Every structure is written in structure tokens, then in C-alpha cells.
Amino acid sequence: MFEKLTQKISDAFRVISGKATITEKNIDDAVETIKMALLEADVNLRVVRRFINATIEEAKGEKVLRAVDPGQQFIKIVHDKLVSFLGDTKQDLRLKGPDTLSVILILGLQGSGKTTSSAKLALRLKKEGRKPLLVACDLVRPAAIEQLAVLGNQIGIPVYKEISATDSVKVYKEALQWSRQNMIDTMIIDTTGRLQIDEAMMEELSRLKTASSPDELLLVADAMTGQSAVDIAKTFDEKIGLTGVVLTKFDSDTRGGAALSLKTITGKPLKFVGLGEKPENFEPFHPDRIASRILGMGDVVSLVEKAQEVIDQKEAEVLAKKIEKETFTLEDWLTQIRSIKKMGSIQSMLDMIPGMAGQFSEEDIDKEDLKIQEAILSSMTRQERSNHLIIGSSRRTRIARGSGTSVAEVARLIKKFEKMRTIMKKITKMNKNPAAAQSMMSRFQKRFK
Ligand SMILES: Nc1nc2c(ncn2[C@@H]2O[C@H](COP(=O)(O)OP(=O)(O)O)[C@@H](O)[C@H]2O)c(=O)[nH]1
Ligand SMILES: [Mg+2]
């Protein structure tokens, strides 16, 4: 994400960093580069002006010109300004305690990601120990109800639906009854969206709001639509009233304009971001972490948290030890490939490793290749995976046949494994962090092909 913006901003830093002293002219040049970067990122013009003025004011103060390391000082100012424009601190959902039913209304245009985000949010709340219910109130398209039902089933969350219902308020009221009988503590209501804002939609959503008095009214907006996502948020806020925004397709947003303009223009906090199509590709919006990512500084905190969510800490420690002692086997590799798949978008992991941000694209990690690797490894016996040295030519032929690959591919995988094992051992020694070891694994999938 934000590759282009990150690239441009690091150009600006290059102008200024490493200099023992910097002049006002240096600052002007760097600020000009940042301004162009923000405009190209589709950041709202008013926001760009405010950002630039605030940065110049602070940078031209005594602080930067006389700082021991003026370049660093300047980067810090830009970073802090970004954090403040992105909303300062993480904004949590404001829900009632578990003994009282809370209601979250999910609003947005068709295709913005409402249904997907409803499911993602439900999964997240479930992991936090709540008992959510998904309510299918998008009654315009029958397929929408089915889509929610399928997602709910996939993540183990109940879905309240009524085929051929026409009144969303009625569906809500029945879902409320059901919730009370079934100890539900949070209702997440997926609503009707249209291709554009129209009176009928606003009317329906208003009625639903009045009937349900929601604790949260979350607008789901597509980050890739840039400024228009911001305009939509503004309109929804004026007509219905919002408590926050979920920006989806953040994984595909190379520009970052919507994220940077939203808070300043609408005054509403960004609460979550969608980072892919899978239910787990969803994160709270952390302004400081996003600012670091935009500046290409990576984001170790999120990386570690994310990896911890998916892999058991103990498992990771065992892995790190195995790598260090070179007892890491193909059996372990297979486990890793499966957990990389579980982790969702590899790209979102890569962006969090310092120095890696923006350096790898999704294509760098070949998902097809992961599948092939998994197929080959699955065709081996456990004994072969535990000791790859026993895999001679007849075993290779059998494995190739079993996995639908070629003998050359099997040989290549084994070679890659040996190479990876050596390099990973070095890295783990340098960096005694089990979670980092896990993410390195995904990096090496492609590099040492
Ligand atoms: N890459 C990516 N795709 C997403 C994300 N959120 C939703 N989508 C996709 O966007 C499309 C529309 O989503 P959907 O939830 O059906 O939108 P709705 O019409 O607002 O309910 C689907 O293909 C989703 O898989 C996201 O965060 N990243
Ligand atoms: Mg939908």
C-alpha cells in the first residue's frame, strides 16, 4: 500500500537528510516535494495546504535549523504531522458492556465492502469474547442475503435472515427478539447500498437508525476511490450521522489520499481498515503505524501482533530454535506454508518489516508457487519430510507423480529448502525474535526460488 506516496516522500527526505546544517531553502525544497507527493496521492487540496503550512511553520523554527541532526528532526516533524492528520490515536468502537445489547449499523454504497466488512468485524468481536449476530438487512438484492449467510457460516457466526423480506426495520425487530433469546450481545446490521447516494436509500437507513438507536454507525468506503470516498463519508454524515469509517481495499490503495483526507474533512475517525478479501484481513486503524508505513519506516509493532494472533507464541519459539540448530525440516516448512496461507495477504506482512516496505509487491510472492510447494510437500511421506537427505531419484519420481509436478520441480524445492535453511539460520541469530523469523519465511519463498 501507498507505494507511490512512500517513494516520493523518501525523495524529499533524501534532499534533507545527512546534512550537518540545513537552510530554509533546503526545507522549502523538501516541503515542495512532499506537497507534490500528497497531491499525486489524491489528498484533498485543503488538507494538503494545511499539512504543508503546519510542517513549514514547525520546520523553520529554531528546532530544525539548529538541531544536531536536522534531517532526522525534519522527518520526525513530518511523521508527527501525518499522525495528527490521520487522527492521532486509535479509536475503539464504543459498545455497551456485554450484558446489554449493542447495535452496529454498517452503511455504504454498493460494492464498497459492507457485507465483507460486517463479517470481518463480527469475527473480530468474537475473538474479543463477544457474541455477535449478523443481520441481513440488504433487501434489495437477494444474493446479498445469501452472501452474508455464506460468510457467517464460514466464520461460525449466526446470521439472522429472512428470505423475501421487504422491510428492513421489520427484519431488525425480529432479529432483536432472536438476539434476546439467544444471548447475543452485539448486532451487526448489513444494510442496503446503491451505486450512488439516493433519497430512497437515505430514507430507509434513517428509519433503521431511528428504530435501532445504534451505538456505532460505521460507513464502509472504498479507499481506492480516493477523494470520492471522503465526499461520500461527508454526505452520509450529514444525512444520517456517522460515528466512524471503515476504509476497505486498503491493500490495493497505492495512493493513500482517502486515509489522509478523511479525518480532516469529515471530522470522523477511521476505525478499521480492510486489507484483503478474507475475513481476517481486517485491522484497527492505528494512525501512528500508518504514518510510519507511509514514510517507509515499516511497522514492527503490527507485524509482531499480527504474527502472534495467527501462530501460537510457543510454536514460534520452537520454530526459531529449530532454525538456529538446523533441525528445521521439510515437515516444519509445510506447517509454515499453511500458516502463511492462514495469515492472509503476505503483502500486508511484508509492508510491516522495517526496510521492506514498498520493496516487494504481491507478485513477488507467488501464490501459485506456494500451492505447488504445498502439493509437493504433501506428497512426501512424513519420514521424507523429517529427513530430506533420504530423497533419492526414485523417491523424487514418485513425489513428482503424486503432486502432479516434475522431478525437476521436486529437486528445485529441496535445493531451495537447503539454501533457505542456511540463510534463515543467520537471520535468526541476528534477530532473536520468533515472529520475525516467521515473516522472514514468507520473504524467502520467492527470493531464493
Ligand atoms: N482487496 C480487497 N477486497 C475487498 C475488501 N473488502 C471487500 N472487498 C471485495 O469487494 C467486493 C465487494 O464487497 P461486498 O462486501 O460484497 O460489498 P457490498 O456491496 O458493500 O456489501 C467483494 O469482491 C469483496 O471481496 C478489502 O479490504 N480488500
Ligand atoms: Mg453487500
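Note that the coordinates shown come from a computational prediction; the quantities given were computed from them, not determined experimentally. (Residues numbered from 1 in each chain as written. Chains lettered and ligands numbered in written order. Predicted model: local features only at pLDDT ≥ 70, side-chain atom pairs only at ≥ 80, totals over all residues.)

A. Representation of the site of ligand 1. Close to ligand 1 lie 18 residues; G113, K114, T115, T116 and G274 are nearest. It is helix α6 (residues 114-127) that provides the largest number of residues to the shell around ligand 1, a total of 3 residues. Classifying every residue of the shell around ligand 1 by side-chain character gives 1 nonpolar, 13 polar and 4 charged. (Near = placed C-beta within 6 Å. Helix = DSSP H or I, 4+ residues; strand = E, 2+ residues; numbered from the N terminus. Nonpolar A, V, L, I, M, F, W, Y, C, P; charged D, E, K, R; others polar.)

B. View of the environment of S213. Position of S213 relative to the elements: it lies in the loop between α9 (199-212) and β5 (216-222). Separated by 109 residues in the primary sequence, S213 and I104 have C-alpha atoms spaced 9.2 Å apart.

C. Local environment of the sheet that holds β5. Taken in spatial order, the 8 strands line up as β3-β2-β4-β1-β5-β6-β7-β8 in an open sheet, and their pairing is mixed. Taken across any chain shown, the strands that pair with only one partner, and hence form the sheet edges, are β3 (159-160) and β8 (282-284). Relative to β3, strand β2 (residues 132-137) runs parallel, the two sharing 2 bridges. The residue of β3 that forms the bridge with L134 is V159. The sheet strands contacting helix α8 (residues 168-181) are β2, β3 and β4 (186-191), and the helix crosses β2 at an angle near 160 degrees. Sitting on the sheet, α9 is in contact with β1 (102-107), β2, β4 and β5, with an inclination near 170 degrees to β1. (Pairing = 2+ DSSP bridges. Contact = placed C-beta atoms within 7 Å. Axes fitted to C-alpha atoms, helices over the stretch in contact; angles between N-to-C directions.)

D. Layout of unusual backbone geometry. A positive phi angle, near 70 degrees, is found at D42, a position not held by glycine. When you line up the elements, D42 lands in the loop between α2 (24-40) and α3 (45-59). Look at D88: it is not a glycine, yet its phi comes out positive at around 65 degrees. Here D88 shows up in the loop between α5 (70-86) and β1. Classification of D88 by C-beta neighbours within 10 Å gives partly exposed; the count is 13. (Buried ≥ 20, exposed ≤ 12 C-beta atoms within 10 Å, placed from the backbone.)

E. Examining the nonpolar core more closely. Grouped together as the largest cluster of nonpolar side chains are 89 residues, with contacts concentrated most on L134, V135, I189, A233, V245 and L247. Sorting elements by how many residues they give to this core places α5 first, with 7 residues. Structurally, this core is a two-domain feature, drawing no fewer than three residues from each of domain 1 (3-86) and domain 2 (102-292). Membership of the second largest hydrophobic core comes to 8 residues, among which are L330, W333, I376 and I399. (Core = buried A, V, L, I, M, F, W, Y, C linked by C-beta atoms within 7 Å. Domains from an automatic or database assignment.)

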